[in-house]
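The residues making up each chain are set out below.
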2 protein chains.
Amino acid sequence: MANEKVTSNDVARLAGVSQSAVSRYFTPGSSVSKKTSEKIRVAAEQLGYRPNILARSLITGRSRIIGLVVAYLENYFYPEVVERLSKVLQEQGYHVLVFISSPASASENVDQITQEILDYQVDGIVLASASMSSELAARCHAHGVPIVLFNRSQDDERLSAVTSDNRAGGRKLAELLLSLGHEKFGYIAGFEGASTQRDREAGFLEGLAAAGKSLYRRSVGNFRYEEAQAAARRMFGSDDRPDAVFVCNDHMAFAVMDVLRFELGLEIPQDVSVVGFDDVPPARWPAYNLTTIRQDVDAMVAETIRTLMRAIDNGDDQARRVTLDGTLVVRGSTRKCPATSN
Amino acid sequence: MANEKVTSNDVARLAGVSQSAVSRYFTPGSSVSKKTSEKIRVAAEQLGYRPNILARSLITGRSRIIGLVVAYLENYFYPEVVERLSKVLQEQGYHVLVFISSPASASENVDQITQEILDYQVDGIVLASASMSSELAARCHAHGVPIVLFNRSQDDERLSAVTSDNRAGGRKLAELLLSLGHEKFGYIAGFEGASTQRDREAGFLEGLAAAGKSLYRRSVGNFRYEEAQAAARRMFGSDDRPDAVFVCNDHMAFAVMDVLRFELGLEIPQDVSVVGFDDVPPARWPAYNLTTIRQDVDAMVAETIRTLMRAIDNGDDQARRVTLDGTLVVRGSTRKCPATSN
DNA sequence: CTGAAAGCGCTAACAC
DNA sequence: GTGTTAGCGCTTTCAG
């Protein structure tokens, strides 16, 4: 087997034309006569020829590869992102090269990984996990490789970022819980270094403060299922517990609900209202039926790609910071109406 | 900005050595003197030089890219696969280029996608969804690109495949349900074209047959949450219902459990025992606590990579079909003991 | 519209 | 060890 590589030269020879004619035939904008086209088409088909993208990239300087850095595929928000992002890019002739960054070794790891990505001459980078050092961001910039932060932002204003309005989301959740007549509020935090964690909490506190309330209990779950379970045990283990809890994302909220119901024998929402953030698929499964803020993955992906393409096609150098609205989705994990009539 | 490309030539010039010396310095096996190395190291660092993998690929014929075709990221078995596969390959200096194939347009789509993959000069392909046409398989073979089918097999014996022993798994589940004293067995099928569906069902029926039993009800869920819900409604809507059901994968089993409990008011396992297949993370969450067959993702990934590397490094041409054992994991969705004493 | 020629950034013989 | 010389498969001037 292995007829191995068929090159444009082979096709040219068979078609009786020059190699550059073949190249033109496979280059969208180029002009080739009908006659030549036909000869090339036939020869190419016969040989099963397809242009070598890598060789093309070498000369055009465009690889049509987008690097994606992601860490927590166990949080079901991200599989959706990978799927949508790949799919939409695919339709535009791009493809996604995946890089998994261990959540453990934070930014050092990301820097190394980003370096590897750069080695592949990617046309752009989407950072869906962790943050990167400023030096590396600068280097990407120097290489002319646009970066967009997905679902996280960073202080560095020169980096493009697409996020939901996490702060507004946190506030909406506070307002909902307040309107339901809750009094003692718990908050289970994600990884403290994450902007999503910071903003969601800030919004929540802000919302409470506006009603003259504040947090009753706080615990950290670091975005992990097991740690969130532990946090829930600490927070709800004694009788003196919150009557409502905002868990920083749905993934952890499931863990919290499981502990409340199956370990502590509490009823949701009768004993405790639980709210999350993201609206991943299990949130609408009856077993959880979780009130949450929906992040519009499709819109976020669309904005990410728009940002990327603007930079790639027009060399648009400016950072673009897009914040999308999140929708409050009220389900059964929160009380139906205020305890005291409204 | 944009100092753009720094080439090995630039480094060579700055270091006062030849360009090939620089190339050697960055090629693991090559020999460069300490002195030269040092000069190159300094110059490269100063310029921020890194070898262009694409240019290297052009000449070595190795891209260090593995194409991964996947469709159902909503089935949480696959995110685990993407993560593990990417991670382990990454450690070996390879990276994963993702291709999403719409589950809708089956094999035609896969063929087109595989063609695109080939254009990237990948060193290997992992097909974690759908099957491919024999012609295309032949073409990959011709190009010397190894393919491995992940979690599915195909009649074509020339294709490598890594699967769990789905048949044995189905049988184990039948035996468990029989040992628990169940009498009326339901089966909710996945997509009928899938080998996993076929083998799991065959094993289950085989296990029932060995005890002189057969299926009481059967319905199709096509591996989708919503369709599985509908299947459950059909199967359990009337009083004349099974007392145990095997759902072809965990993802659908969650849908079935949700319908049984929250729509039909049935108790699991008192009224019905439910078993699934895969052991995805939510299966062990207390809300589901699902008895299932664990597919060992790590082992499957390891075998996949072994198969790939054997073909890439040694040009090993032979198909390798690996079948791994699945472990029965008994949890709370099945009765604790037989109704009639054992 | 077409072919000849140059060269993208790199590796791999080949002599020295 | 090290530099020189050819290309890898392709796009892109440049003449014609």
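Everything below is about the structure printed above this text.
Residues numbered from 1 in each chain as written. Chains lettered and ligands numbered in written order. Predicted model: local features only at pLDDT ≥ 70, side-chain atom pairs only at ≥ 80, totals over all residues. Heavy atoms only, no water.

Here's the deal with the protein's contact with DNA strand D
Heads up, the condition is: We call a residue near a given molecule or strand whenever any one of its heavy atoms falls within 4 Å of it. In the analysis that follows, any N or O atom pair within 3.5 Å is treated as a polar contact, provided that within protein one partner can donate a hydrogen and the other can accept it, and provided that, for residues neighboring in sequence, both atoms belong to side chains. Put simply, DSSP H or I for four residues or longer makes a helix, DSSP E for two residues or longer makes a strand, and each gets a number counted from the N terminus.
Neighbouring DNA strand D are 26 residues; A:Ser8, A:Ser23, B:Ser20, B:Arg24 and B:Thr36 lie closest to it. Sugar and phosphate atoms form 54% of the subset of DNA strand D atoms that lie within 4 Å of the protein. Measuring from a phosphate oxygen of DNA strand D, one finds a side-chain N or O atom of A:Tyr49 at 2.6 Å. Contacts to DNA strand D include A:Arg56, whose side-chain N or O atom sits 2.6 Å from a phosphate oxygen. Elements with a contribution of two residues or more to the surface near DNA strand D: helix H2 (19–25) and helix H4 (53–60) of chain A together with helix H2 (19–25) and helix H4 (53–60) of chain B.

A look at H4(A)
Residue and element names in this part refer to chain A. Heads up, the rule is: Under the scheme applied here, a residue whose accessible area is under 20% of the maximum for its type counts as buried, over 50% as exposed, and between as partly exposed, the area being computed with a 1.4 Å probe on protein chains only. Arc, as used here, means the arc of the directions from the helix axis to the C-beta atoms.
The complete set of buried residues in H4 reads Ile53, Leu54 and Ser57. Down the axis, H4 shows its buried residues gathered within 95 degrees of arc, on one side only. At the N-terminal boundary of H4, the capping side chain belongs to Asn52, with an oxygen 2.8 Å from the backbone nitrogen of Leu54. At the C-terminal side of H4, Gly61 shows a positive phi close to 80 degrees.

Some points on the protein's contact with DNA strand C
Operational definition: Each residue is assigned to one of three groups, with Ala, Val, Leu, Ile, Met, Phe, Trp, Tyr, Cys and Pro labelled nonpolar, Asp, Glu, Lys and Arg labelled charged, and all others, Gly among them, labelled polar.
Near DNA strand C you find 26 residues, and of these A:Arg24, A:Ser33, A:Thr36, B:Ser8 and B:Ser23 are the closest. A breakdown of the atoms of DNA strand C within 4 Å of the protein gives sugar and phosphate a share of 59%. Side-chain polar atom of A:Ser18 to a phosphate oxygen of DNA strand C: 3.1 Å apart, as the coordinates give it. B:Asn52 is positioned such that a nitrogen or oxygen atom in its backbone is 3.0 Å from a phosphate oxygen of DNA strand C. Those elements giving two or more residues to the surface near DNA strand C turn out to be H2 and H4 of chain A together with H2 and H4 of chain B. Class assignment of the residues belonging to the surface near DNA strand C gives a composition of nine nonpolar, 12 polar and five charged.

Topic: the interface of chain A and chain B
The condition is simple: Should any heavy atoms of two residues lie within 4.5 Å, those residues are considered in contact. Two parts placed together each lose some accessible area under a 1.4 Å probe, and the buried area is that loss summed for both. Here, a salt bridge means any Lys or Arg side-chain nitrogen found within 4 Å of an Asp or Glu carboxyl oxygen. At least two bridges found by DSSP between two strands is the condition for calling them paired.
Listed as interface residues are 58 residues of chain A and, on the opposing side, 58 residues of chain B. In this assembly, chain A packs against chain B so that about 5,600 Å² is buried in total across both faces, 60% of it on carbon and sulfur atoms. Of all residues in chain A, the largest losses of buried area upon contact with chain B belong to A:Leu54, A:Tyr120 and A:Trp285, amounting jointly to 14% of the total for that side. If you look at where chain A meets chain B, you find two salt bridges. Among the salt bridges present, the one from B:Asp119 reaches A:Arg50, with a minimum N-O distance of 3.0 Å. Where chain A packs against chain B, one counts 14 residue pairs in polar contact (both at pLDDT 80 or more). If you list the elements that add at least two residues to the side of chain A that touches chain B, you get H4, helix H5 (77–91), strand S2 (95–100), helix H6 (106–119), helix H7 (134–142) and helix H11 (250–263) of chain A. The residue inventory of the side of chain A that touches chain B, partitioned by class, reads 31 nonpolar, 16 polar and 11 charged. The pairing of S2(A) with strand S2 (residues 95–100) of chain B spans three bridges and is classified as antiparallel. Paired with A:Val96 across the strands is B:Val98, a residue of S2(B).

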